[in-house]
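# Fold and geometry: a report
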Amino acid sequence: MISLEDWALIRRLVADGVPQRQVARDLGIARDTVAAAVRSERPPKYERAALPTSFSPFEARVRSLLAEHPSLPATVIAERVEWSGSITWFRENVRRLRPEHRPVDPADRLTWAPGDAAQCDLWFPPRKIPVEDGTAVMLPVLVIVAAHSRFVTARMIPTRKTEDLLLGHWELIQQLGAVPRRLIWDNESGIGQRGRLAQGVAAFAGTLATKVVQLKPYDPESKGIVERRNGWFETSFLPGRTFTSPADFNAQLQGWLENANAKLVRTIKARPVDLIGHDRARMLPLPPIPLQLGWRERVRLGRDYYVRLDASDYSVDPAAIGRIVDITADLDRVRVRLDGRVVADHARVWARGSTITDPAHVEAAKRLRQQFQAPRTPPVDDLSRDLADYDRAFGIEGVA
């Protein structure tokens, strides 16, 4: 059998008017081979004639089992048909036959009404981001795409925990300027799994008057828009960029998204920035009051005057030692309050296991420690008394 290159060369030479006999002589190929190459409409391909194998006597019984139980493991099928040969060879043949008996799951093309839905997902950039302690870690990016207009919003967040996911949701929904009627998620643990929402998610959805939809397994079509945007980030946003911090990543991402949302989307033949107004008009209005989101804890401040949030420690004014303090945190700040008064205010760190100390708190602790350790001077009990006091007490004042 001649090679693909020889087949193409023969056809080109003959098409240029070179006689087949001369082509055969120049290429050292039989004239019948040249003639066959000219007559053939397809490139040459080696095909081995099908011959009976050791699996052939068992194939009918295997097909019968697969028709009744398409997901039956190959090892169980081998036992049922009394196969005694190589299990690897048997598995290969079962793998070849199984698709013919597996039920078909067709995917419909979905249409998205204005304002109806936003697809949500976490994108993990394959690039480690430097954080405060000098290390580099992989961090999640929350992505929300308005399904009708394809308008994309995204932000890197510290963790995939519920508190940070809801904070990120609220920030991105504010960028949309309205609330989609449905927020479509897969089984992300911070949102909910197996049809049950994580703690706090139902209250968040109720405050916004929206609905969080958890997709069933094997339903990629219902979240395909945001999945494609994640791939687009990796091919169009990441290449050629370097990042010095999560804040730098978010700044570059927001600048890139402004241009990305102004580009024509082939599937809808429009620019997201032109459709977002129509999308927003059909969405729900933002709630009139700010949402109470984020990390919230109440603890008694210990002697070391530090509180822990997301595996990092933050110093607190030591005057609050032994008192109950309230810890609140969002994506940017960590605050501690004592009876409503702020006794600590720190920038939130993204490096786990960090210790954040305010020098003023250390100085205050030093003064309190010195006061505690200083020896106390006992009060002086002066027993001397003016004798005139006794005269006045007995009413003999002025008597000689």
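Before any of the text, the structure's been laid out above.
To start, this report covers the structure provided alongside it.

### Here we look at the sheet that holds strand β11 (residues 306-309)
Spatially, three strands are ordered β11-β12-β16 in an open sheet, and the strand pairing comes out mixed. Of all strands in the sheet, those with a lone pairing partner are β11 and β16 (355-356), marking the two edges. Two strands pair when backbone bridges link them, and β11 and strand β12 (residues 312-315) are joined in this way by four bridges, in the antiparallel orientation. The residue of β12 that forms the bridge with Tyr306 is Ser315.

### Topic: the pattern of salt bridges
Think of it this way: side chains of opposite charge can pair up when their charged atoms draw near. A complete count under the given rule lists 20 salt bridges for this structure. Between Asp16 and Arg12 there is a salt bridge; the shortest N-O distance is 3.9 Å. On the basis of relative accessible area, Asp16 is assigned to the exposed category, the value being 57%. A salt bridge links Asp310 to Arg348; its shortest N-O distance comes to 3.4 Å. Highlighted residues: Asp310 in the loop between β11 and β12 and Arg348 in the loop between β15 (341-347) and β16, separated in sequence by 38 residues. Of the residues examined, Asp310 reaches a relative accessible area of 12% and is grouped as buried.

### Quick notes on the environment of Leu286
Here Leu286 is to be found in the loop between α11 (272-282) and β10 (295-300). Counting along the chain gives 82 residues from Leu286 to Leu368, while the straight-line C-alpha distance between them is 48 Å. Setting aside chain neighbours within four positions, we find Leu286 in contact with Trp170, Ile173, Gly177, Ala178 and Val179.

### Considerations on helix α4 (residues 56-68)
Here α4 has its buried residues at Phe58, Val62, Leu65 and Leu66. Those residues of α4 that are buried lie in contact with α5 (74-80) and α6 (87-101).

### Looking at the packing of helix α1 (residues 4-15) against helix α3 (residues 31-39)
The contact between α1 and α3 brings their axes to 9 Å, and the two run at 85°. The pairing of α1 with α3 is recorded here as roughly perpendicular in orientation. For the pair α1 and α3, contact is made by Trp7, Ile10, Arg11 and Val14 and by Val34, Ala37 and Val38, respectively.

### Some words on the packing of aromatic side chains
Going through the model one piece at a time under the given rule, you end up with 13 aromatic pairs. Taking 5.6 Å as the distance between ring centres and 55° as the angle between the ring planes, the aromatic pair formed by Phe237 and Trp256 counts as tilted. Of this pair, Phe237 sits in helix α9 (residues 224-237) while Trp256 sits in helix α10 (residues 246-260); the two residues are 19 residues apart in sequence, bridging distant segments of the chain. In terms of burial, Phe237 and Trp256 fall into one category: buried. Through pairs of rings, three or more aromatic residues link up here, namely Trp123, Trp232, Phe233, Phe237, Phe243, Phe249 and Trp256.

### Section: empty space enclosed by the protein
Rolled over the atoms, a probe with the dimensions of a water molecule shows which regions are left empty. For the coordinates displayed, the defined rule picks out two cavities of 30 Å³ or more. Of the pockets and cavities examined, the largest cavity occupies roughly 40 Å³. Lining the largest cavity are Leu166, His169, Leu183, Trp185, Ile191, Val201, Phe204 and Val212. Listed by contribution, the elements that provide at least two residues to the lining of the largest cavity are α7 (162-176), β6 (182-185) and α8 (201-208). Residue classes in the lining of the largest cavity are distributed as seven nonpolar, one polar and no charged. Its boundaries defined by the atoms lining it, the second largest cavity holds a volume of some 30 Å³. Lining the second largest cavity are Leu309, Asp310, Ser312, Tyr314, Arg348, Val349, Trp350, Ala351 and Arg352. Of the residues in the lining of the second largest cavity, the class split is five nonpolar, one polar and three charged.

### With respect to the side chain of Lys223
Tracing the sequence through the fold places Lys223 in the loop between β9 (211-214) and α9. A distance of 3.3 Å separates a polar atom in the side chain of Lys223 from a polar atom in the side chain of Asp121. Setting aside residues up to four positions removed in sequence, Lys223 forms contacts with Gln119, Cys120, Asp121, Ile184, Trp185, Asp186 and Leu215.

### Thoughts on the pairing of strand β1 (residues 117-123)
With seven of seven residues buried, β1 lies mostly within the body of the structure. Along β1, one buried face is formed by Ala117, Gln119, Asp121 and Trp123 and the opposite face, lined by Ala118, Cys120 and Leu122, is buried too. As paired elements, β1 and strand β4 (residues 141-146) share six bridges and run antiparallel to each other. Considered in β4, the bridge of Trp123 is made with Val141.

### Some points on the pairing of strand β14 (residues 333-338)
Regular strands have side chains that alternate between both faces of the sheet. The two faces of β14 differ: Val334, Val336 and Leu338 on one face are buried, but Arg333, Arg335 and Arg337 on the other face are not. Pairing of strand β13 (residues 324-329) with β14 involves four bridges; the strand directions are antiparallel. Looking across to β14, one finds that Ile327 is bridged to Val336. A loop of three residues connects β13 with β14, the two strands running antiparallel in sequence. Bridge count for β14 against β15 is six bridges, and the pairing is antiparallel. Paired with Arg333 across the bridge in β15 is Ala347. Connecting β14 to the antiparallel partner β15 that follows it, the hairpin turn spans two residues, and Asp339 within it adopts a positive phi of roughly 55°.

Calculation criteria
Residues numbered from 1 in each chain as written. Predicted model: local features only at pLDDT ≥ 70, side-chain atom pairs only at ≥ 80, totals over all residues. Heavy atoms only, no water. Pairing = 2+ DSSP bridges. Helix = DSSP H or I, 4+ residues; strand = E, 2+ residues; numbered from the N terminus. Salt bridge = Lys/Arg side-chain N within 4 Å of Asp/Glu carboxyl O. Buried < 20%, exposed > 50% of the residue type's maximum accessible area, 1.4 Å probe, protein only. Contact = heavy atoms within 4.5 Å. Axes fitted to C-alpha atoms, helices over the stretch in contact; angles between N-to-C directions. Parallel < 35°, antiparallel > 145°, perpendicular 65-115°, else oblique. Phe/Tyr/Trp six-rings, centres within 6.5 Å; stacked < 30°, edge-to-face > 60°. 1 Å grid on protein atoms, 1.4 Å probe; cavity = no way out; pocket = protein on both sides within 12 Å on 5 of 7 lines; lining within 4 Å. Points joined across faces, edges and corners; volume = space filled by probe spheres on them. Nonpolar A, V, L, I, M, F, W, Y, C, P; charged D, E, K, R; others polar. Polar contact = N/O pair within 3.5 Å; in protein donor to acceptor, adjacent residues only side chain to side chain.

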